[in-house]
Amino acid sequence: MAMNYKKWMMATLAGGLFVTSLVACSSNGTPSITPASNPSAEDSKATTEPKSELKTLQIWQKDDYNTYPVAQYLEQKTGYKVQYDMLPQDKPEDKLNILIASGEPYDAITIFGSTDFKALYSDYAQKGALIELGPLIDKFGPNIKAVIDPEALEAAKVDGKLYAIPTKSISNVNTSLYIRQDWLEKVNMKSPTTLDELTAVLKAFKEKDPGGNGDKNIPLTVKGEAAFIDNIAGAFGIPNFWNDVNGKMTPRILDPAYIEYVNYVSDLFKQGLLDKEYAANKDATAKEKFTSGKAGMILLNWSDVPTIADALTKNIPTAKASYISALKGKDGKAGLAAFRGFDRLTFIPKASKHPEDAMKWINAKLEKETFLNMTIGEENKHYTLKDGTYTPIQPIFSDERNAANNFLTGSDDTNYPIYWQARVRKDMRLFEAWEFMNKKEPANTKVEDPLGFAPYLPEFSKSFQQLNTMVGDYTMKLVFGAEQLSGLDAFIAKFKSEGGEASYNEVNDWYATAKK
Amino acid sequence: MHKKTIRDRSLDLFIYLFLLLMGVVTLLPIATVLSKAVSDESAVISGKVGIFPVGFQLQTMKYVISSSQFITSIGISILVMIVGTVLAIALTALTAYPLSKRYLPGISFIMLLFVFTMLFNGGIIPNYLLMKELHLINSLWSLILPALISVFNMLVIKSYYESLPESLEESAKIDGASNFTILFRIVIPLSGPVLATIALFYAVYYWNDYFNPMLYINDAGLKPLQLYLRDIVMDADSSSALNKSADDMMNASPEGVRSATVIASIIPMLLVYPYLQKHFVKGVLIGSVKG
């Protein structure tokens, strides 16, 4: 027996060795599968002394950051070798929480600037997981002070201290109503400019059958997620989730115009002018109906225009489509919601090993020439410049700068909106659609989200999503006739008790001080 | 042999037709994705593509298969699957053998320790911290090591060993065979089918594993296929649209590309499965008959 035990011990030992030796082998073996890291690093002649290697965490993108041309350019220009990791596309918050909680030594972390991520950021800052950037900026961030909009910097503060470099969103109108021009011509009408004209046009679409679909014409199709139809909502003075009513920030449901809006849309629905399947429509189903020639109008984002236009003309070669202008309501109100706020937030966690270098790196990326090249490339190679207009050179622009926006850690807020247009000019249809909504329309129709630069408001952030869904569902039911406006007071009471009241007070406390 | 009556035959026919229909129904979703992958993008957008492709083209497939991220991911997945399965099956089989010997002292206590891990474990954060302290974050070993021994699989092998007649080992011992000879020349060859089955379980586990890489892998060059797929399929999902800037919207992958990625990613498994499944069925059967 003793003999046997010895052997078993040997076996266990051998097993152990077997595993460890494999571990050792493969840790050498694995890199052969990972893509070869950028070769350009070796011939960077400018760098005099070796700078510390930085580790950053980024938002998900399709291509690997490390092999993307922008990464190589930045390494050459700033002298910092950077390892880019990325968050997953699915539930990035969860992964981020784990990484922050376990103190992963990232030197810079860039996240989205939307309400939910803003809440995460404030939470980290308050719990002391982030480095306060003020002193670092004073020392190493002259460019940050010079080019980033002070209003954005102010809005990114938590309890009066700055913990993140904000990248401001370019304030765009994104969504409006897109109409079949050839249908308009067939029914002999002009593009609608008021709500009444819209009703008339939709009626003509239904009755005169310009699409040749018989009684299957859908005058207007909208995806179910959009309980408030952009552009139409603007004509009632409620383009954004919250709007100023007599000096008070008011959510749509509490807005006196809400009832008028619901009446108008449910009237469209009753007359058969709005898609019967409105509530059930997914984004893709609405697009199917429009591109197959069944629908005369669709609520559409300008970024979808090239694909939609291609699919439409393939199915119906004579089809033509364009956006309608901002519709006017009965007292001349009109408005298109424009995004306002942060696109990204970049912070340095306490676990960082090189916070000073990280700040120098962020600062170096905002150097005028570096920033220009990083975002849209090199003149006459990636773009041409004429009369202040940047036009991309394809296909190299798309190949090498398409994902450049993901490399932003703060932006030159005066110039970037101009550079950025090069990205829209990569397809002229895209550009025209964007230009129509954002440049050709009178400036007062563009209504920026008034809460975009609000500081972190805990009550508001907590219930924002949930209340929106609640109001959206209710509005949809009113439109369909499943609920009656007589029950509105009861619903408002419910809305208030489920966080609506607290949000309202919190938002207006801030708004009162912000207006001054 | 007794003759089949008309009633039997018609019943057979009905059963065959019914099973055929069921088979076709399960294939439908795959067929739609496949035809979306090889159809013209504008046909996909206008919702014209059902079971059959419209405007057949292979450009999208080509684009997906030649994308460097896709090739990297599939390579990582294959590597993890092969190394993981080989190590896991070896360790599981070796662990099960001594545990199947009831006469070894303290064996029931050791068994208890194994079973304990089936019921209780540390949870996500402690596991993450463990991996971090072991410096396995961003290493493929973080995907392989945690799953090396699945206690359940180990128990299956153990009970199979126990079902082998004891007299077989005794007679080998009388002939002068050592414990190793018995294990490697008698027990393991006799356990071929059950080992193949368990190997398949491990292979499928490693191939499908999404959660571990999601936690432990941040480097895009080390992402296995499941992670890559999830990212691609989520890309155009409108539920995440709240976070998307105009730039992200402009760069979202069209539905055709997503379908093509899904199709391309199931090809390796489709190629391997028929060969493995033979063993799979045999393994389960032999085990049950002998046991």
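Residues numbered from 1 in each chain as written. Chains lettered and ligands numbered in written order. Predicted model: local features only at pLDDT ≥ 70, side-chain atom pairs only at ≥ 80, totals over all residues. Heavy atoms only, no water.

*Asks:* Quick question: what am I supposed to make of the overall build of chain B here?
*Replies:* Each helix and strand counted, chain B has 15 helices and 0 strands in total. When each of the 291 residues of chain B is scored for burial, the buried share is 44%. For chain B, long-range pairs separated by at least 24 residues make up 71% of all intrachain contacts whose partners lie at least 6 apart in sequence. Here chain B has roughly 15700 Å² of accessible surface; of this, 71% comes from carbon and sulfur atoms. (Helix = DSSP H or I, 4+ residues; strand = E, 2+ residues; numbered from the N terminus. Buried < 20%, exposed > 50% of the residue type's maximum accessible area, 1.4 Å probe, protein only. Contact = heavy atoms within 4.5 Å. Areas by Shrake-Rupley, 256 points an atom, 1.4 Å probe, with all protein chains shown as cover.)

*Asks:* Where do I start with the pattern of salt bridges in this structure?
*Replies:* Note that side chains of opposite charge can pair when their charged atoms are close. All names here are of chain A. Under the counting rule described, the total for this entry stands at 29 salt bridges over all chains. Note that K289 is salt-bridged to E277, the shortest N-O span being 2.7 Å. Separated by 12 residues along the polypeptide, K289 in helix α12 (residues 283-291) and E277 in the loop between α11 (257-270) and α12 bring together distant segments of the chain. A relative accessible area of 46% places E277 in the partly exposed class. Across the pair R344 and D343 runs a salt bridge whose closest N-O atoms are separated by 3.9 Å. Here the salt bridges do not stand alone but share partners, grouping K223, D283, K287 and D304 into one network. (Salt bridge = Lys/Arg side-chain N within 4 Å of Asp/Glu carboxyl O.)

*Asks:* Can you help me understand the packing of aromatic side chains in this one?
*Replies:* Aromatic ring pairs are described here by two measures, namely the spacing of the ring centres and the angle between the planes. One pass over the full model with this rule turns up 36 aromatic pairs over all chains. Here W242 of chain A and F460 of chain A contribute two aromatic rings whose centre-to-centre distance is 5.8 Å and whose plane-to-plane angle is 70 degrees, an arrangement assigned as edge-to-face. Within this pair, whereas W242 of chain A is found in strand β8 (residues 242-245), its partner F460 of chain A is found in helix α19 (residues 458-480), the two being separated by 218 residues in sequence. The buried category is assigned to W242 of chain A, whose relative accessible area is 7%. By relative accessible area, which is 9% here, F460 of chain A ends up buried. Seen in terms of ring centroids, Y205 of chain B and Y206 of chain B are 5.5 Å apart; in terms of plane orientation they differ by 70 degrees. Their pairing is edge-to-face. Overall, the relative accessible area of 37% leaves Y205 of chain B in the partly exposed class. Each member of the aromatic cluster is reached from another via a ring pair, and the members are F228, F236, Y258, Y261 and Y264 of chain A. (Phe/Tyr/Trp six-rings, centres within 6.5 Å; stacked < 30°, edge-to-face > 60°.)

*Asks:* Help me understand the domain arrangement of chain B, please; the structure alone is not making it clear to me.
*Replies:* In many analyses, interface size is given as the accessible surface area lost on bringing the parts together. All names here are of chain B. Taken domain by domain, chain B holds domain 1 (6-45) and domain 2 (61-290). Across the boundary between the two partners, domain 1 contributes 8 residues, which contact 8 residues of domain 2. Summed over both partners, the interface of domain 1 with domain 2 comes to about 650 Å²; 70% of that surface belongs to carbon and sulfur atoms. In this assembly, domain 1 and domain 2 are joined by 0 salt bridges. Viewed at the interface, domain 2 and domain 1 are joined by 0 residue pairs in polar contact (both at pLDDT 80 or more). (Domains from an automatic or database assignment. Buried area = accessible area lost by both parts, 1.4 Å probe. Polar contact = N/O pair within 3.5 Å; in protein donor to acceptor, adjacent residues only side chain to side chain.)

*Asks:* What is the right way to look at the sheet that holds strand β10 (residues 297-301) of chain A in this model?
*Replies:* The strands that make up a sheet pair up through hydrogen bonds in the backbone, lying either parallel or antiparallel. Residue and element names in this part refer to chain A. In spatial order, the strands read β10-β7-β11; together these 3 strands make up an open sheet with antiparallel pairing. Each having just a single partner strand, β10 and β11 (321-323) make up the two edges of the open sheet. Neighbour to neighbour, the strand axes of the sheet diverge by 35 degrees on average, direction disregarded. With 3 bridges joining them, strand β7 (residues 175-180) and β11 adopt antiparallel strand pairing. Bridge assignment links I179 to a residue of β11, and that residue is S322. (Pairing = 2+ DSSP bridges. Axes fitted to C-alpha atoms, helices over the stretch in contact; angles between N-to-C directions.)

*Asks:* Just to check I follow, could you spell out the side chain of N231 of chain A for this structure?
*Replies:* Checked against the element boundaries, N231 of chain A lands in the loop between α9 (195-207) and α10 (232-235). One polar contact links the side chain of N231 of chain A to the main-chain carbonyl oxygen of S325 of chain A, over a distance of 3.4 Å.

*Asks:* It is not clear to me how the pairing of strand β14 (residues 383-386) of chain A should be interpreted in this structure. Could you clarify?
*Replies:* Side-chain direction in a regular strand flips from residue to residue, so the side chains alternate between the two faces of the sheet. All names here are of chain A. Pairing geometry for β14 and strand β15 (residues 389-392), over 4 bridges, is antiparallel. If you follow K386 over to β15, its bridge partner there is T389. Two successive antiparallel strands, β14 and β15, enclose a turn made up of 2 residues, where D387 displays a positive phi of approximately 50 degrees.

*Asks:* Would you mind going over the pairing of strand β1 (residues 54-58) of chain A with me for this structure?
*Replies:* All names here are of chain A. In terms of burial, β1 is a largely internal element, 5 of the 5 residues being buried. Note: β1 against strand β2 (residues 82-86), 5 bridges, orientation parallel. Paired with Q58 across the strands is M86, a residue of β2.

*Asks:* How should the sheet that holds strand β3 (residues 108-112) of chain A be read in this particular structure?
*Replies:* Residue and element names in this part refer to chain A. With mixed pairing, 5 strands are arranged side by side in an open sheet as β2-β1-β3-β13-β6. Each end of this open sheet is capped by a strand with a single partner; those strands are β2 and β6 (164-168). The mean angle between the axes of side-by-side strands here comes to 20 degrees, regardless of whether they run parallel or antiparallel. Relative to strand β13 (residues 342-347), β3 runs antiparallel, the two sharing 4 bridges. Of the residues in β13, the one forming a bridge with T110 is T346. Along the sheet face, helix α4 (residues 115-126) touches β3, β6 and β13 and points at about 25 degrees away from the line of β13. Along the sheet, helix α14 (residues 355-365) makes contact with β1, β2, β3, β6 and β13, crossing β1 at roughly 65 degrees.

*Asks:* What's the story with the environment of T475 of chain A in this structure? I'm lost.
*Replies:* Residues and elements named next belong to chain A. By the secondary structure assignment, T475 is in helix α19. The buried category is assigned to T475, whose relative accessible area is 1%. As for T475 and Y65, which are separated by 410 residues in sequence, their C-alpha atoms are 43 Å apart. For T475, the residues in contact, after removing those within four places along its chain, are A227, F228, Y258, Y261 and V262. Within the local environment of T475, its side chain forms a polar contact with the backbone oxygen of V471, the two atoms lying 2.6 Å apart.

*Asks:* Mind showing me how you'd approach the domain arrangement of chain A here?
*Replies:* Residue and element names in this part refer to chain A. Domain annotation of chain A identifies domain 1 (42-169 + 341-414) and domain 2 (175-338 + 445-515). Taking the mean C-alpha position of each, domain 1 and domain 2 sit 35 Å from one another. Of the roughly 830 Å² buried where domain 1 meets domain 2, counting both sides, 68% is carbon and sulfur surface. Three residues stand out in domain 1 for area buried against domain 2, namely T115, K118 and A155, and they jointly supply 44% of the buried area on that side. If you list the elements that add at least two residues to the side of domain 1 that touches domain 2, you get α4 and α7 (150-155).

*Asks:* Explain helix α3 (residues 59-66) of chain B here, please?
*Replies:* Think of an α-helix as 3.6 residues a turn; residues three or four steps apart then line up on the same face. Residues and elements named next belong to chain B. Looking at α3, one finds that the buried residues are T60, M61 and V64. The buried residues of α3 occupy an angular sector of 100 degrees when the element is viewed end-on, so they sit on one face. Set apart from the buried face of α3 by more than 90 degrees, the exposed residues are Q59, K62 and S66. (Arc of directions from axis to C-beta.)

*Asks:* Explanation requested: the packing of α3 of chain B against helix α4 (residues 68-99) of chain B in the structure shown.
*Replies:* Packed helix pairs are characterised by how far apart their axes lie and by the angle those axes make with each other. All names here are of chain B. At a closest axis distance of 5 Å, the pairing of α3 and α4 adopts a crossing angle of 60 degrees. Taken together, the axes of α3 and α4 are oblique relative to one another. Contact with α3, carried on its side by V64, I65 and S66, involves S68, F70 and I71 of α4 and no other residues of that element. Grouping the amino acids of the contact of α3 with α4 by side-chain chemistry returns 4 nonpolar, 2 polar and no charged. (Parallel < 35°, antiparallel > 145°, perpendicular 65-115°, else oblique. Nonpolar A, V, L, I, M, F, W, Y, C, P; charged D, E, K, R; others polar.)

*Asks:* Is there a simple way to think about the confidence of the model for chain A in this case?
*Replies:* Low pLDDT means the predicted atomic positions in that stretch should not be read closely. Chain-level statistics for chain A give a pLDDT mean of 85 and a share of 90% at 70 or above. Within the model, pLDDT remains below 50 along residues 9-47 of chain A, and this stretch shows 30 contacts once partners closer than five positions in the same chain are excluded. (pLDDT = per-residue confidence, 0-100.)

*Asks:* Explanation requested: unusual backbone geometry in the structure shown.
*Replies:* Negative phi characterises most residues that are not glycine, and trans characterises most peptide bonds. All names here are of chain A. In this chain, Q394 is followed by P395 through a cis amide linkage whose omega measures 5 degrees. Residue position: P395 is located in the loop between β15 and α16 (396-401). Non-glycine residue K91 carries a positive phi angle of around 50 degrees. Looking at the element boundaries, K91 is found in the loop between β2 and α3 (92-101).

*Asks:* How should I be thinking about the packing of helix α9 (residues 166-174) of chain B against helix α10 (residues 179-190) of chain B in this particular structure?
*Replies:* Residues and elements named next belong to chain B. Closest axis-to-axis distance for the α9/α10 pair is 10 Å, and the angle between their directions is 145 degrees. Where α9 crosses over α10, the handedness of that crossing is right-handed. Taking contact as the criterion, the partners of L168, E169, A172 and K173 in α9 are, on α10, N179, I182, I186, V187 and L190. Of the residues assigned to the contact of α9 with α10, the class counts are 6 nonpolar, 1 polar and 2 charged. (Left-handed = near helix turned anticlockwise from the far one by under 90°.)

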